[in-house]
Amino acid sequence: MQRWISMLFLMLHSTTGLRCIKNEIFQDFSIDEFDHDKLQSDLDSFTLSPITNDNLCRVSLDFSYHLYAGTLDIEFGEVIQGIPLADKVVQLDTMLTLQNQISFELKHYLEYACSNYDGCEKQFVLEHIEWFYKAKYLELQQKVEKLLDGPKTNQNMCVNEYNISQRCPSKTCVGTRSRKEKTYKHSCKVTETKFPLLHIITYINTDVNHEEQEFIFECHYNDCNGIGRLKEVQKIVEDYYDLSPLRKALGFKNKSSTIQSTLSYYSLSTEMIMATFNDTSTSFTIVTTEALSTKVDHLLSSPSSKTNTLKTLMICKICSILFLVIIN
């Protein structure tokens, strides 16, 4: 009898599948008025529905902080735009942009995918929401701001992939640090898309307690993407970008040092979103988003009040993958 009950339970579970919050959005929460109990009550009121596509619950938290004011958005399920993460993977993007050449705007984008149990994404929000909107990284902003000043004359030289100073038509230099090889990459920006001055991307596979991190740094004076400056950026990130609250909420004691080259962070194959070419006239390896426009437009076709922000984030994610591929 017990055997038949177990079989019936398995049949019902396989029929109904994983249940998640499918299409819900919280927008423009002021952190000054944030109420954890009310958030939990609102989340509990949402219906959990069977997921039929990738069998994953998904959630994203978007926090913006500018001039001492912060807003928070939360999205669930199919309304999330971008490249879907693999199961049990956390991705945290932190971006610093300069508004009106005067003050920094800080943006956090935290995304998670899970299949542990019904409503696992809701529990993730409740466990991470408080550290997430409190992480303003003011010291990080101050340190990065000091790296933006440089000589204003002849702003057209950047360090290329061979670590040689060379003319850059856009007058915008880019440097990145690979999340796997821990190596630096130098380039000249060729796209008109406005990127953050500093974009830090952290990937955590919670299934094996493995963490990887990379950054992209953009600057506008001669050779500001050289190895010395990128090492300065890396030191600032290590000293002032504290992720211990995130690790603690995930149940990790320390940053993992395990190297596993077979880890998967995205549920889409990276080959579907990559394109590079070499411009032999400049000896720069140039990353282009033109070949990706069809893919990006498809992923970001849903109307949203945050389309421009998410499109920039999406292209930044793609470019971080492209830089990694170039290094490999």
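Residues numbered from 1 in each chain as written. Predicted model: local features only at pLDDT ≥ 70, side-chain atom pairs only at ≥ 80, totals over all residues. Heavy atoms only, no water.

A. Here's a closer look at the packing of helix α2 (residues 36–45) against helix α3 (residues 120–134). Where α2 contacts α3, the two axes come as close as 11 Å, and the packing angle between them is 170°. Looking at the two axes, α2 sits roughly antiparallel to α3. Read as a crossing pair, α2 and α3 show a hand that is right-handed. Contact residues: H36, L39, Q40, L43 and D44 in α2; K122, V125, L126, I129 and E130 in α3. (Axes fitted to C-alpha atoms, helices over the stretch in contact; angles between N-to-C directions. Helix = DSSP H or I, 4+ residues; strand = E, 2+ residues; numbered from the N terminus. Parallel < 35°, antiparallel > 145°, perpendicular 65-115°, else oblique. Left-handed = near helix turned anticlockwise from the far one by under 90°. Contact = heavy atoms within 4.5 Å.)

B. Representation of the state of the cysteines in the model. Inspection of every chain in the model, using the stated rule, returns 5 disulfides. Note that C20 is cross-linked by a disulfide to C57, the S-S spacing being 1.9 Å. Here the disulfide of C20 and C57 is left-handed, its torsion about the S-S bond being about -80°. Taken together, the positions of C20 in strand β1 (residues 19–20) and C57 in strand β4 (residues 57–66) put the pair 37 residues apart, joining distant regions of the chain. Relative accessible area serves as the criterion here: at 0%, C57 is assigned to the buried category. (Disulfide = S-S within 2.5 Å. Buried < 20%, exposed > 50% of the residue type's maximum accessible area, 1.4 Å probe, protein only.)

C. Seen up close, the nonpolar core. Judged by nonpolar contacts, the single largest core of 63 residues is most densely connected at L61, I74, F76 and F217. Sort the elements by how many residues they give to this core and α3 lands first, with 8 residues. Residues within four places of F217 in sequence aside, it is in contact with L147, L148, C173, V174, G175, L197, L198, C224, R229, L230 and V233. In this structure, L56, L85, V89 and A113 belong to the second largest nonpolar core, which totals 5 residues. (Core = buried A, V, L, I, M, F, W, Y, C linked by side-chain atoms within 4.5 Å.)

D. View of the packing of aromatic side chains. Throughout the structure, instances matching the rule amount to 6 aromatic pairs. Measuring from centroid to centroid gives 6.2 Å for F63 and Y65, while their planes differ by 25°, and the two rings are stacked. When sorted by exposure, F63 lands in the same class as Y65, which is buried. Here Y112 and F124 contribute two aromatic rings whose centre-to-centre distance is 4.2 Å and whose plane-to-plane angle is 15°, an arrangement assigned as stacked. Here the residue Y112 occupies a position in strand β7 (residues 103–114), and F124 occupies one in helix α3, the gap between them amounting to 12 residues. With respect to class, Y112 is no different from F124; both count as buried. (Phe/Tyr/Trp six-rings, centres within 6.5 Å; stacked < 30°, edge-to-face > 60°.)

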